[in-house]
Amino acid sequence: MSEVILALDVPSREDALHLVDAIPEVRWVKLGPVLLTRTGMGLVGELVERDLQVFLDLKWHDIPNTVAGAVAAAADLGVAMATVHTLGGPAMMTAAAQAAGPVSLVGVTVLTSHTPAEWALTLGRVDQPLGGEVTRLAVLGREAGLDGVVCSPREIESVRAVLGEGCPIVTPGIRREGDEAGDQARVATPAAAAAAGASHLVVGRPVVLASEPRAAFRTIMEEARCGH
Ligand code: C5P
């Protein structure tokens, strides 16, 4: 069954703690650069102390030595899962994997906000279909020792086909019927993402901005369960 990870994309420590307290069903939380730049890394420990699994999503993309050091620091903080960017390359991913210890390390492939046209513009070439790039980067990550990948719901099946069962495939871009897509370009429903083989669904705005966040989280959990 897919885990639902709540992206704590809120502006303050108080808002983050209030949200997790309001949704007792939450087991996994994702921390990103906006909140952590405001609160400092002490929030990681506070959430770990509440028995929450912390997914540290800082998408590291730097020289191997620097990324390895950041991953080791994340392990010391007690995070359960962290992201590196596969475009950092094999040497960077290998160094990161060797430093990960108990941290499940997943590689971001192509951001869910990229359209195929913008991705082609970013690469400077139009002959690389986006879906093929995602699976290519997923395999590169696995060969370097990463545990799994982050991809959009649209690529889960092809990534699962090349990586096989068991490894984490984490997918943002989760929207129920009628939810605003916002800046996400490649989205799917919780049921579709779960049915396609995602191990973890990342959900932010559909819960964070809901008038009743707990009810929204519960419907997403329920839909994800029905996808299996
Ligand atoms: O609000 P929404 O559900 O779109 O939030 C998605 C979360 O997942 C955000 O925190 C975003 O930074 C993160 N994310 C993403 N696409 C990726 C990797 C992470 O949207 N490829």
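Below you will find a few notes about this structure.

## Side note on unusual backbone geometry
Move 1: Its identity is not glycine, yet D51 carries a phi of approximately 65°, on the positive side.
Move 2: The residue D51 is located in the loop between α3 (42–49) and β3 (53–60) in this model.
Move 3: Positive phi outside glycine occurs at K59, with the angle close to 45°.
Move 4: Along the chain, K59 falls in strand β3.
Move 5: Judged by its relative accessible area of 30%, K59 is partly exposed.

## Some words on the site of the ligand
Move 1: As a matter of local geometry, the ligand sits amid 16 residues, with D9, K30, T112, R175 and R205 nearest to it.
Move 2: For the ligand, a nitrogen atom lies 2.7 Å from a polar atom in the side chain of T112.
Move 3: G204 places a polar main-chain atom, nitrogen or oxygen, 2.8 Å from an oxygen atom of the ligand.
Move 4: Elements represented by at least two residues in the shell around the ligand include exactly β3, β8 (200–203) and α10 (205–208).
Move 5: Split into classes, the residues belonging to the shell around the ligand amount to seven nonpolar, three polar and six charged.

## Focus on the nonpolar core
For soluble globular proteins, nonpolar side chains are generally found buried alongside one another.
Move 1: Of all hydrophobic cores here, the largest spans 62 residues; its most connected members are L6, L8, L31, L47 and V84.
Move 2: In this structure L6 touches L19, I23, V26, W28, V29, K30, V203, V207, V208 and F217, once residues within four positions along its chain are discounted.
Move 3: In terms of nonpolar packing, the next biggest core, distinct from the first, is built from 11 residues, A80, V108, V170 and V202 among them.

## Focus on helix α5 (residues 90–99)
Move 1: Considered for burial, the residues of α5 that qualify are M92, M93, A95 and A96. Each buried residue of α5 lies within a common arc of 160° when the element is viewed along its axis, so the set occupies one face. In α5, those exposed residues whose orientation departs by more than 90 degrees from the buried face are A91 and Q98.

## Here's the deal with the packing of helix α4 (residues 64–77) against α5
Move 1: Between α4 and α5, the least distance of the axes is 8 Å, while the angle of their chain directions is 25°. Looking at the two axes, α4 sits roughly parallel to α5. Where α4 crosses over α5, the two elements pack in a sense that is right-handed. Residue-level inspection shows P64, V67, A68, V71 and A72 of α4 in contact with α5, the latter providing A91, M92, A95, A96 and A99.
Move 2: Class assignment for the residues of the contact of α4 with α5 results in 10 nonpolar, no polar and no charged.

Cut-offs used in this document
- Residues numbered from 1 in each chain as written.
- Predicted model: local features only at pLDDT ≥ 70, side-chain atom pairs only at ≥ 80, totals over all residues.
- Heavy atoms only, no water.
- Helix = DSSP H or I, 4+ residues; strand = E, 2+ residues; numbered from the N terminus.
- Buried < 20%, exposed > 50% of the residue type's maximum accessible area, 1.4 Å probe, protein only.
- Near = heavy atom within 4 Å.
- Polar contact = N/O pair within 3.5 Å; in protein donor to acceptor, adjacent residues only side chain to side chain.
- Nonpolar A, V, L, I, M, F, W, Y, C, P; charged D, E, K, R; others polar.
- Core = buried A, V, L, I, M, F, W, Y, C linked by side-chain atoms within 4.5 Å.
- Contact = heavy atoms within 4.5 Å.
- Arc of directions from axis to C-beta.
- Axes fitted to C-alpha atoms, helices over the stretch in contact; angles between N-to-C directions.
- Parallel < 35°, antiparallel > 145°, perpendicular 65-115°, else oblique.
- Left-handed = near helix turned anticlockwise from the far one by under 90°.

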